[in-house]
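# Observations on the model geometry
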Amino acid sequence: NAGVMQNPRHLVRRRGQEARLRCSPMKGHSHVYWYRQLPEEGLKFMVYLQKENIIDESGMPKERFSAEFPKEGPSILRIQQVVRGDSAAYFCASSPRTGPEQYFGPGTRLTVT
Amino acid sequence: GQQLNQSPQSMFIQEGEDVSMNCTSSSIFNTWLWYKQEPGEGPVLLIALYKAGELTSNGRLTAQFGITRKDSFLNISASIPSDVGIYFCAGQETGANSKLTFGKGITLSVRP
């Protein structure tokens, strides 16, 4: 039973480029969450999605960031016109319909040069 | 916004010792979870707590949900070198399927 999968594991982008981070939830999980982690910090919530719906985006920056979880395929976190301050580890988690436990993927480490 | 406090930032113990970590909040959470993170990896769920006063074990790990619903602790008994890592507490405000609020984590080092 595969866990949460994220790719790429490492992503380097120059300032102004776009970053696309992908997340495939665990089998049977229909809820996806994205979190950001800065060095020596805890994880900060960004957005919570179900299939084709954004449920809570209260942690998402208002500009340049967007997320989707289409009917088919992985969830995508998209960052347009990246800046150095976007450099961080981005984690995706998924949970089953019936429980609060969230299971995390290995993360994508974004470096903006 | 919600904040979870974990201190100290780092703990150093001898192999075989027990260690206890505390997590406190200024507001109430309905679910508490403890995660462990190793370098370059995502957090791994250790224990989930659902009711005030609940005490739950997972091998050498024991965690409790405080009766005020504003705190939780994690105890590791008879530590071993592979216990090294960062331990995060996380709280969930409402029922299932809502965001988690994380503490800043405690880095545990175990001397052989």
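Details of the structure are given in the entry above.
Described below are features of the structure shown in this document.

Reading guide: rules and limits
- Residue indices begin from 1 for each chain and proceed along its sequence in written order.
- A letter from A marks each chain and a number from 1 marks each ligand, given out in the order of writing.
- The predicted nature of this model means local features are confined to residues of pLDDT at least 70 and side-chain atom pairs, given and counted, to a pLDDT of 80 or more, with totals for whole chains, interfaces and linings taken over all residues.
- With hydrogens and water set aside, each side-chain value is computed from the structure's full complement of heavy atoms.
- We call two residues in contact when some of their heavy atoms are within 4.5 Å.
- The term buried area means the drop in 1.4 Å probe accessible area that two parts suffer when joined, counted for both and summed.
- Take a side-chain nitrogen of Lys or Arg and a carboxyl oxygen of Asp or Glu: if they are within 4 Å of each other, that pair is a salt bridge.
- Polar contact criterion, stated in full: a pair of N or O atoms within 3.5 Å, where within protein one must be able to donate a hydrogen and the other to accept it, and residues adjacent in sequence count only if both atoms are side-chain atoms.
- Only Phe, Tyr and Trp rings are paired, with Trp represented by its six-membered ring, and only when their centres lie within 6.5 Å; those with planes under 30 degrees apart are stacked, over 60 edge-to-face, the remainder tilted.
- Strands here mean DSSP runs of E at least two residues long; helices mean DSSP runs of H or I at least four residues long; both are numbered from the N terminus.
- Residue exposure (1.4 Å probe, protein chains only): buried if accessible area is under 20% of the type maximum, exposed if over 50%, otherwise partly exposed.
- Two cysteine sulfur atoms form a disulfide, by the criterion used here, when they sit within 2.5 Å.

What follows deals with the interface of chain A and chain B. At the junction of the two partners, chain A supplies 26 residues and chain B supplies 22 residues. Of the roughly 1,800 Å² buried at the junction of chain A and chain B (both faces included), carbon and sulfur atoms supply 52%. Considering only the surface of chain A that becomes buried against chain B, Leu43, Pro100 and Phe104 of chain A emerge as the three largest contributors, covering 27% of it. Taken together, the links from chain A to chain B amount to 2 salt bridges. The closest approach of N and O atoms between Glu41 of chain A and Lys104 of chain B, which form a salt bridge, is 3.8 Å. Here chain A is connected to chain B by 7 residue pairs in polar contact (both at pLDDT 80 or more).

On to the packing of aromatic side chains. Here the structure, examined in full by the defined rule, presents 10 aromatic pairs over all chains. With a centroid separation of 6.2 Å and an interplanar angle of 80 degrees, the aromatic rings of Phe88 of chain B and Phe102 of chain B are classed as edge-to-face. Of this pair, Phe88 of chain B sits in strand 9 (residues 85-92) while Phe102 of chain B is found in strand 10 (residues 100-102), placing the two residues 14 residues apart along the sequence. Given the relative accessible area of 6%, Phe102 of chain B is considered buried. Among the aromatic residues, those joined into a ring-pair cluster are Tyr35, Phe45 and Phe104 of chain A together with Tyr35, Phe88 and Phe102 of chain B.

Now for the state of the cysteines. Residues and elements named next belong to chain A. Counted under the stated rule, the structure contains 2 disulfides over all chains. Paired through a disulfide, Cys23 and Cys92 show a sulfur-sulfur distance of 1.8 Å. Judged by the torsion about the S-S bond (-50 degrees), the Cys23/Cys92 disulfide is left-handed. Of this pair, Cys23 sits in strand 3 (residues 19-24) while Cys92 is found in strand 9 (residues 88-95), placing the two residues 69 residues apart along the sequence. For Cys23, a relative accessible area of 0% gives the class buried. In this structure Cys92 comes out as buried when scored by relative accessible area, which is 0%.

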